[in-house]
Amino acid sequence: MGTSFMNRDFGIDLGTANTLVYVKNKGIVLNEPTVVAVNKHTNEISAVGNEAKKMVGRTPENISVIRPMKDGVIADFDTTAAMMNYYVSKVHKAKSIFSAKPNVIVCVPSGITMVEERAVLDATKQAGAKEVYPISEPFAAAIGADLPVWEPTGNMVVDIGGGTTEVAIISLGGTVTSKSIRMAGDRMDQQIITYIRKKHGLLIGETTAEQLKFELGAARNDNLRGKMDIRGRDLVTGLPQTVTIQSEEIVEAISETVEAIIEAIKNTLESSPPELSSDIINRGIVLTGGGALLKYLNEEVSYATDMPVFVAENPLECVAIGTGKALDQLEHFKNAPNVADRNTLN
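Not measured: the values here are computed from a predicted model.

Caption draft 1: Spotlight on the pairing of strand β3 (residues 27–33). The pairing of strand β2 (residues 18–23) with β3 spans six bridges and is antiparallel. Note that in β3 the partner of Y22 across the bridge is I28. Where β2 hands over to β3, the hairpin turn is made up of three residues, of which N25 adopts a positive phi near 70 degrees.

Following this line, the structure appears as structure tokens:
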């Protein structure tokens, strides 16, 4: 691999569910689950990303499968740093991650604290970056969705990821107002697990819950006819059991999270300056992130806000694409305060 590739700057979307790496002038070169398998006896990493995800719920006692990011922030620093080393060295196919010491822009939730932000930046530097600059997830999502964030016009973006839902109104290269809630895809999965346990007396894992969400999940029960057979452990007999789950059951299970997301959107709109509100009425609200793919969610948000709502063209990669595009505006981020310091990029 040539030196020109090694010298390129990076954008990293270090998400709760997935980590994406964007190399300048190359695009997204890596997209894998933010999951690590660790040998508990030796503390060595056994697998990362796709390989580790396959192990969830299937490991022997000496292997622990860890998701080092929780609610959009680092829950396990050492594992996160090791994971980042693995991911980007995989991109380079070289022994060291950043042998050319590039600058890196890394995504963080808009509601992050100074301590949490410092952990993300330190983990990235430990992986070998020259300088690391934070960018808030909704700001990156807006850039990735091709919204005119540098112009004096109001843009509203809702990024529904694994750990957090980020709502922001952006204008003139800065976040005017934002709200971050820790209610998103992961919370939906947990609610599905709880619902199935209480209603059917069946214990299922995160992988099955995620499958149910994708196959049967929706923001409202609009004469849905979907159903899916799932297998789990019967809580009474302790034996494997198969149960048929209907779409309306999953809609009911995740309704609390859907309502919380809509409420966060309405609260953000209420704190928006009038001039920007009129822009948003004309331009609409853009949904990004994996949660944007939830059936009927855009229609429910539109109904609740009386505004047009659109799903971004590539919602799963919007944040990573925006992080990569932000590399062209590196001077802007060099002069910007920390996300956690002022929660804006003005």
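Caption draft 2: Quick peek at the packing of aromatic side chains. Taken as a whole and assessed by the stated rule, the structure comprises two aromatic pairs. Centroid distance F139 to W150: 5.7 Å. Interplanar angle 85 degrees. Geometry classified as edge-to-face. Of this pair, F139 sits in helix α5 (residues 137–144) while W150 is found in the loop between α5 and β11 (155–160), placing the two residues eleven residues apart along the sequence. Judged by its relative accessible area of 35%, W150 falls in the partly exposed class. Relative to F333, the ring of F139 lies with its centre 6.2 Å away and its plane at 75 degrees, an arrangement referred to as edge-to-face.

Caption draft 3: Just the packing of helix α6 (residues 185–200) against helix α8 (residues 247–270), in detail. It is the contact of α6 with α8, at a shortest axis distance of 9 Å, that shows an interaxial angle of 145 degrees. Where α6 crosses over α8, the handedness of that crossing is right-handed. Where α6 abuts α8, its residues R187, M188, Q191, I192, Y195, K199 and H200 lie against E249, I250, E252, A253, I254, E256, T257, V258 and I261.

Caption draft 4: View of the sheet that holds strand β4 (residues 36–39). The strand order across the open sheet formed by three strands is β5-β4-β6, and the pairing between neighbours is antiparallel. A single partner strand is all that each edge strand has here, and the edge strands are β5 (45–48) and β6 (63–66). For this sheet the average axis-to-axis angle between neighbouring strands, irrespective of direction, equals 20 degrees. Relative to β6, β4 runs antiparallel, the two sharing four bridges. Along β6, the bridge assignment pairs N39 with I63.

Rules of the game
- Counting restarts for each chain: residues are numbered from 1 in the order of the written sequence.
- Restriction of local features to residues with pLDDT of at least 70 applies here, the model being predicted, together with a cutoff of 80 or more for giving and counting side-chain atom pairs; totals for whole chains, interfaces and linings are based on all residues.
- To get the side-chain values, all heavy atoms of the structure are used, and hydrogens and water are removed first.
- Strand pairing is assigned whenever DSSP detects at least two bridges linking the two strands.
- To qualify as a helix, a DSSP run of H or I must reach at least 4 residues; to qualify as a strand, a run of E must reach at least 2; elements of each kind are numbered from the N terminus.
- Geometry of aromatic contacts follows a simple scheme: Phe, Tyr and Trp rings, the Trp one being its six-membered ring, pair when their centres are within 6.5 Å, and the pair is stacked under 30 degrees between planes, edge-to-face over 60, tilted otherwise.
- Summary of the burial criterion: residues with accessible area below 20% of their type's maximum are buried, those above 50% are exposed, and those between are partly exposed, where the area comes from a 1.4 Å probe applied to protein chains only.
- Between N-to-C directions, angles cover 0 to 180 degrees, with each direction set by a line fitted to C-alpha atoms, over the stretch in contact for helices.
- We call a crossing left-handed when the near helix sits turned anticlockwise from the far one by less than a right angle, and right-handed when that turn is clockwise.
- Here, two residues are considered to be in contact whenever any of their heavy atoms come within 4.5 Å of each other.

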